[in-house]
Amino acid sequence: MCLLKIENLHAGVEGTEILTGLDLTVKVGEVHAIMGPNGSGKSTLAQVLAGRADYEVTAGSITYRGEDLLELAPEIRAREGIFLAFQYPVEIPGVSNVYFLKAALNAIRKHRGQEEIDAMDFLAYVKSKMEIVKMEEELLHRPVNEGFSGGEKKRNEIFHMEVLDPTLAVLDETDSGLDIDALKIVAEGVNSMRSPERGFIIITHYQRLLNFIVPDVVHVMVGGRIVETGGKELALELEAKGYGGHTRAAEAAAEAAMPASG
Amino acid sequence: MALATPKKAATTPAANTDAYTRGFARLAGELASGGSPRLQALRQAAIERFAELGFPTTRQEAWRFTNVAPIARTPLTVATDAPSVTAADIERYHYADCTQMVLVNGRLAPEHTRLLGLPEGVVVSSLAEAWQSHPQLVEEHLCRYAKFDDHAFVALNTALHADGVFIYVPKGVVVETPINLILVGAPQDEPLAFFPRLLFVTEESSQVTIFEQHVTVGEGTYFTCPVLEIVAGANTTIDHYKLQRETLAAFHMSTLQVKQHRDSNFSSHCLSWGGLIVRNDVNTTLDGENCTAILNGLYMVEGKQLVDNHMRVEHNMPNCYSHELYKGILEGKSRGVFTGLIYVKKDAQKTDAVQANRNLLLSNEALCNSQPQLEILADDVRCTHGSTVGQLDKLAIFYLRSRGIGEEAARSLLTYAFAADIVTRVKLPQVRRDLEEFLFRRLPKGEIVRQAV
């Protein structure tokens, strides 16, 4: 079943187009990796999927489980099962990590017509998730991300993902800047959640993550669109050869497209 | 960042000083019946000084952003007695396991007094009683610290205070049960003015925690003008919490004047969310070595409320530490004013002084004027000050929404988060709970905030 279908997506910020006609289809059960050089629009795609208002979608469509995703507010997307692990998680002083998660989970459950989870059940549930990401109890009770190290913040994102149990998870460079131990924890988090009912889009700058999370599909994104799609071996190829060929091809394509688009 | 406002014609309040001189004449009998010859002379001098000064205008630097003309214009009558309030009226301001004393319109309501396990020698009484029971102590300290020469409201209070509270803690005594003072404003048909006077004197190595709550029973306009003088003896620890939670129709012009002796630790938490025009003057003088002054505040106002926190910390001796953090949340067309002066005398070397004022504007029409000031005459000190005015972080709102939290709740959570570092500094569970409850009730979708913090 098709989980996400993006067609000819054009989006940008303040009049600058960043996504220039992007197509992507993710089926349930699949893990897609999106790789590409800096500035290719990977993070923009992630933010647009989660509904950040600063990005304007000027053309194209995003269909999520048959629904027009672009019509939905960010919180409705989350309640419908979309999760974005932020590249730069935000610190929220004064708001406890665990209680915040409980409020978020209950908002999602309410949306789905489920009862609010009670405190005891929630705690047991959270403990089981903490083990997966080797989260220290202390980080549970600290304010969201406040004073967390870079690695702790990324782990906390994966922890949030585990608890909120999304249908489509988008990881925006969650691996960047992690040491090998933290990287393995992130990968284990994702692997533990792989299921026939769920899809993943893993945006990464480095091939290394894909040694631990083996993707079903690898895309190369350059100049705001997908320029090549292949299997997991494509990641290794990119690692060896870099994005040079793709970048030149994209430039040529953009030049060719210019007269047509006026 | 201080926001400059365009200079506009100063508003000169109508010369409505007559109401107070009339009140002074009407109260003459009562005011003369207690106190001392010195106090009588002071009262006279103060009312004369007030008549000269009149209400401050926005032409005066200390009142530049705070227009008190609405107070001057209101036909106020000096209260000559107090209505009674029931236990039920004030139940929600009652704190368990605290000594309690209640003033209504500036006068003791003795039926509500509860003295709980006060150690030997500790005095918690009305000021009128204290003039009878401890005249020397009161005479030694009352009206010695809060100066009225250039302060119309201190002058009014000095002249017109009918009663108040006196607290005395002898040498070496630790008062374990906090003292909860409930200062009730009980509006009557005609708008009243009243002037509670508080005096806390602590002797060497003593310790005490005092709450000062300003509340309203009923609805209507009134003007309360309290003055609190605190003497922190050598090596004392005094924690003072002020909750200003009056009706939005109240005028509140208060002064806290602290004198700190060597090695004293004084902390003040000033929480303001009631009143229409509110001014908190908070002054401390560090008159001995190794004093610590912690002055924190949180104000949250909406509609047409104005709250002005006016601080002065005087470092007069070496090796003292002062730390001020005031945070403001402004909604609607409300206005926040912060002025903080750290003054460091020439001999006050090794002073360590920090002052910060942070403001969160939740609407486009709210306005904030923040003026942190340093005046340093010593050359070996560490003093910093800072001031910010900002709005909620859009990215943070998006982050919360991306986890399923609705937009309104996300904004409320972040507003709570802004206030949180003052909330967590409130160590006393009673006060902290009250503050949290206020925020949960006040913030949209507060139930989600309650669940999430």
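Residues numbered from 1 in each chain as written. Chains lettered and ligands numbered in written order. Predicted model: local features only at pLDDT ≥ 70, side-chain atom pairs only at ≥ 80, totals over all residues. Heavy atoms only, no water.

Things to note about the overall build of chain A
Per the secondary structure count, chain A includes nine helices and 12 strands. The globule rule puts the C-alpha radius of gyration for 262 residues at 18 Å, and the 19 Å found for chain A is close to it. With the C-alpha coordinates of chain A rotated into their principal frame, the extents come out at 60 × 40 × 35 Å. Counting over 262 residues, chain A shows a buried share of 53%. (Helix = DSSP H or I, 4+ residues; strand = E, 2+ residues; numbered from the N terminus. Rg over C-alpha atoms; globule rule 2.2 N^0.38 Å. Buried < 20%, exposed > 50% of the residue type's maximum accessible area, 1.4 Å probe, protein only.)

Observations regarding the pattern of salt bridges
Counted according to the given criterion, the structure contains 33 salt bridges over all chains. Between A:K153 and A:E91 there is a salt bridge whose closest N-O contact spans 3.1 Å. Of this pair, A:K153 sits in helix 6 (residues 150–164) while A:E91 sits in the loop between strand 6 (82–85) and strand 7 (92–96), and the two are 62 residues apart along the sequence. By relative accessible area, which is 16% here, A:K153 ends up buried. Residue B:D281 is joined to B:R279 by a salt bridge in which the shortest nitrogen-to-oxygen separation is 2.5 Å. (Salt bridge = Lys/Arg side-chain N within 4 Å of Asp/Glu carboxyl O.)

Things to note about the domain arrangement of chain B
Residues and elements named next belong to chain B. Domain boundaries assigned for chain B yield domain 1 (18–391) and domain 2 (395–453). Taken over C-alpha atoms, the centre of domain 1 sits 28 Å from the centre of domain 2. The interface of domain 1 with domain 2 comprises 30 residues on the first partner and 18 residues on the second. When domain 1 packs against domain 2, close to 2100 Å² is buried across both sides, 71% of that on carbon and sulfur atoms. Interface area lost by domain 1 to domain 2 is led by W273, M300 and K327, which between them contribute 26%. For the interface between domain 1 and domain 2, the tally reads four salt bridges. (Domains from an automatic or database assignment. Contact = heavy atoms within 4.5 Å. Buried area = accessible area lost by both parts, 1.4 Å probe.)

Concerning the nonpolar core
With 112 residues, the main nonpolar core has A:I92 and A:I201 as its most contacted residues. It is helix 9 (residues 407–423) of chain B that provides the largest number of residues to this core, a total of 11 residues. Those residues in contact with A:I92 that lie beyond four places of it in its chain are A:P143, A:V144, B:A396, B:Y399, B:L400, B:L414 and B:A417. (Core = buried A, V, L, I, M, F, W, Y, C linked by side-chain atoms within 4.5 Å.)

Side note on the interface of chain A and chain B
Interface size is commonly expressed as the accessible surface area that is lost when the partners come together. Each partner contributes residues to the interface: chain A has 36 residues there, and chain B has 22 residues. Both sides together, the interface formed by chain A and chain B hides about 2200 Å², and carbon and sulfur atoms give 66% of it. Per-residue buried area on chain A facing chain B is highest for A:E75, A:F86 and A:F100; these three make up 22% of the total on that side. Linking chain A to chain B there are three salt bridges. The shortest N-O distance in the salt bridge between A:E157 and B:R403 comes to 2.8 Å. For the pair chain A and chain B, the number of links is 10 residue pairs in polar contact (both at pLDDT 80 or more). If you list the elements that add at least two residues to the side of chain A that touches chain B, you get helix 1 (42–50), helix 2 (74–79), strand 6, strand 7, helix 3 (97–111) and helix 6 of chain A. Counting residues per element, the side of chain A that touches chain B draws most heavily on helix 3 of chain A, which supplies eight residues. (Polar contact = N/O pair within 3.5 Å; in protein donor to acceptor, adjacent residues only side chain to side chain.)

Let's talk about the sheet that holds strand 1 (residues 2–13) of chain A
All names here are of chain A. Pairing within the open sheet is antiparallel, and its four strands lie in the order 2-1-4-5. Two strands close off the open sheet at either side, each with one partner strand: strand 2 (16–27) and strand 5 (67–68). Bridge analysis of strand 4 (residues 56–64) against strand 5 gives two bridges, and the strand direction is antiparallel. Bridged to T63 within strand 5 is D68. Strands in contact with helix 1 are strand 1, strand 2 and strand 4; relative to strand 1, the strand with the most contacts, it is inclined by about 115°. (Pairing = 2+ DSSP bridges. Axes fitted to C-alpha atoms, helices over the stretch in contact; angles between N-to-C directions.)

With respect to the side chain of A:R155
All names here are of chain A. Along the chain, R155 falls in helix 6. The class for R155 is buried, based on a relative accessible area of 13%. Discounting residues that sit within four places of it in the chain, R155 has contacts with V133, K134, M135, E136 and I185.

With respect to the packing of aromatic side chains
Residue and element names in this part refer to chain B. Counted according to the given criterion, the structure contains 17 aromatic pairs over all chains. On the basis of an interplanar angle of 25° and a centroid distance of 5.3 Å, the ring pair of F194 and Y222 is categorised as stacked. Taken together, the residues span a long stretch of sequence, with F194 in strand 7 (residues 192–194) and Y222 in strand 10 (residues 222–224) at a distance of 28 residues. Across the pair, Y222 and F194 agree in class, each one buried. Aromatic rings pair up to connect Y20, F50, F55, W63, F153, F195 and F223 into one cluster. Against the face of W63 rests R279, its NZ or CZ located 3.6 Å from the ring centre. Stacked on the ring of F418, the Lys or Arg K327 has its end atom at 4.3 Å from the ring centre. (Phe/Tyr/Trp six-rings, centres within 6.5 Å; stacked < 30°, edge-to-face > 60°. Lys NZ or Arg CZ within 6 Å of the ring centre and 35° of its normal.)

Comments concerning unusual backbone geometry
All names here are of chain A. Phi is positive for R65, which is not a glycine, with a value near 50°. With respect to the secondary-structure elements, R65 resides in the loop between strand 4 and strand 5. Of the residues examined, R65 reaches a relative accessible area of 39% and is grouped as partly exposed. Of note in this structure, E173 is not a glycine but carries a positive phi near 50°.

Details of helix 1 (residues 18–33) of chain B
A turn of α-helix holds 3.6 residues, and therefore any two residues three or four places apart point the same way. Residues and elements named next belong to chain B. In a regular helix each residue adds 1.5 Å, so 16 residues correspond to 22 Å; helix 1 covers 23 Å between its end C-alpha atoms and thus fits that length. For helix 1, the set of buried residues is A19, Y20, G23, F24, L27 and L31. Check the buried side of helix 1 and you find it contacts helix 2 (37–53), strand 1 (77–78), strand 3 (107–108), helix 7 (152–160), strand 7 and strand 10. (Expected span 1.5 Å × (residues − 1).)

Quick look at the packing of helix 4 (residues 119–132) of chain A against helix 6 of chain A
Residues and elements named next belong to chain A. Interaxial distance between helix 4 and helix 6 falls to 9 Å at its minimum, and their mutual angle equals 135°. Between helix 4 and helix 6, the angle falls in the class oblique. For helix 4 against helix 6, the interelement crossing comes out right-handed. Each of F122, Y125, V126, K129, M130 and I132 in helix 4 lies in contact with helix 6, whose residues at this interface are F159, E162 and V163. (Parallel < 35°, antiparallel > 145°, perpendicular 65-115°, else oblique. Left-handed = near helix turned anticlockwise from the far one by under 90°.)

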